[in-house]
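Residue-level structure breakdown
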Amino acid sequence: MLLPVVAGVDGSAESLAAAEWAAREAVRRGRPLHLVHARSWHPGQEDGHLATAAQRHLARRALRQAEERIGRTTPAVTLTDEQVDGPATAALLSAADRADLLVLGSRGLSGFTGFLLGSVALGVVARATRPVVLVRAGEEAADEHLPAEDGGASVRTGYRDVVLGLDLGDPCDDVLAFGFEAAQLRGARLHVVHAWQPPSPLGLGPGEIGLAEGPQQAEEWLGFMTAVLQVWREKFPEVEVVETVTAGRARSALVRAASGASLLVVGRRVTERPVGPRTGPVTHAAIQHVGCPVAVVPHL
């Protein structure tokens, strides 16, 4: 049985955009779509029966609204829904464990390009063991596609690039596989980006290669990237790949590269830390400042 694409729905504009994106992605992947609404009422609250009935009514309305929009925009998808008891973060994490990927809405910053993550979305991204895609309010099908010849929006043109942020110090197979598959499903170009920090001479030993000039270091990083990607090019020969290495901060490089992309793919290392789950600085910056949907892929 195929694992579904799961979308969290709460009636907000961003969750409706996420549900529509998830429906399109489910069709691309040949998978069903499952909508989940998490009710956050707790038994200790007063008027428990009334609160439960009211929340069930609101949940059903939110799910119905999402289903109606999906029915208009993506009628080919196989659709189911579910109401689950909260807390919302725990409920969505449980749903993600039974999903091919989880899609959540992310609150847009008015007047800016970027994301303002709520506590639920941030908690899910930081703890999920399956890929999570974050979608801003207002995201539409045409935003994934290149503009028409007259410059207008279109869903009949090719897809915009899929951008993959690659850490060449830890080139994880899970992140690479997700990026190549996403590009293949869309017939899109895959733009792989790595940013390197020029080392300080104070941290180098005598004769270390880090003392090489910037252009030479960039050439070496590019050669390493080409070698890492070769096996993936062989697995996905139909995917056109563009490689970019740049000196500077990874977060800045990804924000620049993802401008005009259909999807940004980044990794998140799964570790057990005393301070609790974290997204990591590069991933956190990307999901705050990138305008297109962002796929966060956990890896060991």
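Up top is the structure.
Nothing here was measured: the structure is a model prediction, and the numbers come from that model.

Cut-offs applied
- Residues numbered from 1 in each chain as written.
- Predicted model: local features only at pLDDT ≥ 70, side-chain atom pairs only at ≥ 80, totals over all residues.
- Heavy atoms only, no water.
- Helix = DSSP H or I, 4+ residues; strand = E, 2+ residues; numbered from the N terminus.
- Buried < 20%, exposed > 50% of the residue type's maximum accessible area, 1.4 Å probe, protein only.
- Contact = heavy atoms within 4.5 Å.
- Areas by Shrake-Rupley, 256 points an atom, 1.4 Å probe, with all protein chains shown as cover.
- Axes fitted to C-alpha atoms, helices over the stretch in contact; angles between N-to-C directions.
- Parallel < 35°, antiparallel > 145°, perpendicular 65-115°, else oblique.
- Left-handed = near helix turned anticlockwise from the far one by under 90°.
- Nonpolar A, V, L, I, M, F, W, Y, C, P; charged D, E, K, R; others polar.
- Salt bridge = Lys/Arg side-chain N within 4 Å of Asp/Glu carboxyl O.
- Pairing = 2+ DSSP bridges.
- Core = buried A, V, L, I, M, F, W, Y, C linked by side-chain atoms within 4.5 Å.
- Expected span 1.5 Å × (residues − 1).
- Phe/Tyr/Trp six-rings, centres within 6.5 Å; stacked < 30°, edge-to-face > 60°.
- Lys NZ or Arg CZ within 6 Å of the ring centre and 35° of its normal.
- Polar contact = N/O pair within 3.5 Å; in protein donor to acceptor, adjacent residues only side chain to side chain.

1. Quick notes on the overall build of the chain
Looking only at helices and strands, the chain has eight helices and eleven strands in total. By residue count, 46% of the 300 residues in the chain fall in the buried class. At a minimum sequence separation of 6, the contacts of the chain that also span at least 24 residues come to 75%. Summed over all atoms, the accessible surface of the chain reaches about 14,800 Å², with 53% contributed by carbon and sulfur.

2. Quick notes on the packing of helix H3 (residues 88-97) against helix H4 (residues 119-127)
The angle between the axes and the distance between the axes are what describe a pair of packed helices. Across the interface, H3 lies against H4 with an axial gap of 9 Å and an inter-helix angle of 40°. Viewed along their axes, H3 and H4 adopt a mutual orientation that is oblique. Regarding H3 and H4, the two cross each other, and that crossing is right-handed. Of the residues in H4, those in contact with Ala 88, Thr 89, Leu 92 and Leu 93 of H3 are Ser 119, Val 120, Gly 123, Val 124 and Arg 127. The residue makeup of the contact of H3 with H4, split by class, is five nonpolar, three polar and one charged.

3. Let's talk about the pattern of salt bridges
Opposite charge on two side chains lets them pair, provided their charged atoms get close. The tally for this structure, following the rule as stated, stands at 16 salt bridges. As a salt-bridge pair, Arg 60 and Glu 67 come within 3.8 Å of each other at their nearest N and O atoms. A salt bridge links Arg 233 to Glu 243, with the shortest nitrogen-to-oxygen separation between them at 2.7 Å. Here Arg 233 is found in helix H6 (residues 214-235), whereas its partner Glu 243 is found in strand E9 (residues 241-247), with ten residues between them in sequence. The partly exposed category is assigned to Arg 233, whose relative accessible area is 25%. A network of salt bridges, in which partner residues are shared, links Arg 24, Glu 25, Arg 28, Arg 29, Arg 31, Asp 100, Arg 130, Glu 144 and Arg 186.

4. Side note on the pairing of strand E6 (residues 132-136)
Burial analysis of E6 places four of its five residues in the buried class, the great majority of the element. Of the strand pairs in this sheet, E6 and strand E11 (residues 294-299) are connected by three bridges, and their pairing is antiparallel. What sits directly across from Leu 134, in E11, is Val 294.

5. Thoughts on the nonpolar core
Leu 33, Leu 35, Val 103, Phe 180, Leu 263 and Val 265 are the most contacted members of the largest nonpolar core, which has 49 residues in total. When neighbours within four sequence positions are excluded, Phe 180 is seen to be in contact with Leu 190, Leu 229, Trp 232, Arg 233, Phe 236, Val 239 and Val 241. Counting residues in hydrophobic clusters, the runner-up holds 34 residues, among them Ala 91, Ala 96, Val 163 and Val 296.

6. Focus: helix H5 (residues 173-186)
Helix length check: H5 (14 residues) gives 20 Å between terminal C-alpha atoms against 20 Å at 1.5 Å per residue, within 8%. Taken residue by residue, H5 has Val 175, Leu 176, Phe 178, Gly 179, Phe 180, Ala 182, Ala 183 and Arg 186 as its buried positions. Looking one or two places after H5, you find Gly 187, whose phi comes out positive at around 65°.

7. Thoughts on the packing of aromatic side chains
Inspection of every chain in the model, using the stated rule, returns four aromatic pairs. Measuring from centroid to centroid gives 6.0 Å for Phe 180 and Trp 232, while their planes differ by 25°, and the two rings are stacked. Here Phe 180 is found in helix H5, whereas its partner Trp 232 is found in helix H6, with 52 residues between them in sequence. The two residues Phe 180 and Trp 232 agree in class, both being buried. On the basis of an interplanar angle of 20° and a centroid distance of 6.5 Å, the ring pair of Trp 232 and Phe 236 is categorised as stacked. Of the two residues, Trp 232 and Phe 236, both sit in the buried class. An aromatic cluster of three or more residues is present, and its members are Phe 180, Trp 232 and Phe 236. The cationic tip of Arg 28 hangs over the ring face of Trp 21; the distance from NZ or CZ to the ring centre is 5.7 Å. It is Lys 235 that lies over the ring of Trp 232; its NZ or CZ is 4.3 Å from the centre.

8. Remarks on the environment of Glu 220
Among the structural elements, Glu 220 can be located in helix H6. On the accessibility criterion, Glu 220 (33% relative accessible area) is partly exposed. With 25 residues separating them in the primary sequence, Glu 220 and Val 245 have C-alpha atoms 9.7 Å apart.

9. Description of the environment of Ala 295
Within the secondary structure, Ala 295 is located in strand E11. Taking relative accessible area as the criterion, Ala 295 reaches 0% and is therefore assigned buried. A C-alpha to C-alpha distance of 9.5 Å links Ala 295 and Leu 164, two positions 131 residues apart in sequence.

10. With respect to the side chain of Arg 186
With respect to the secondary-structure elements, Arg 186 resides in helix H5. On the basis of relative accessibility, which here comes to 5%, the residue Arg 186 falls in the buried class. Within polar-contact distance, the side chain of Arg 186 engages the backbone oxygen of Ala 182 at 3.1 Å.

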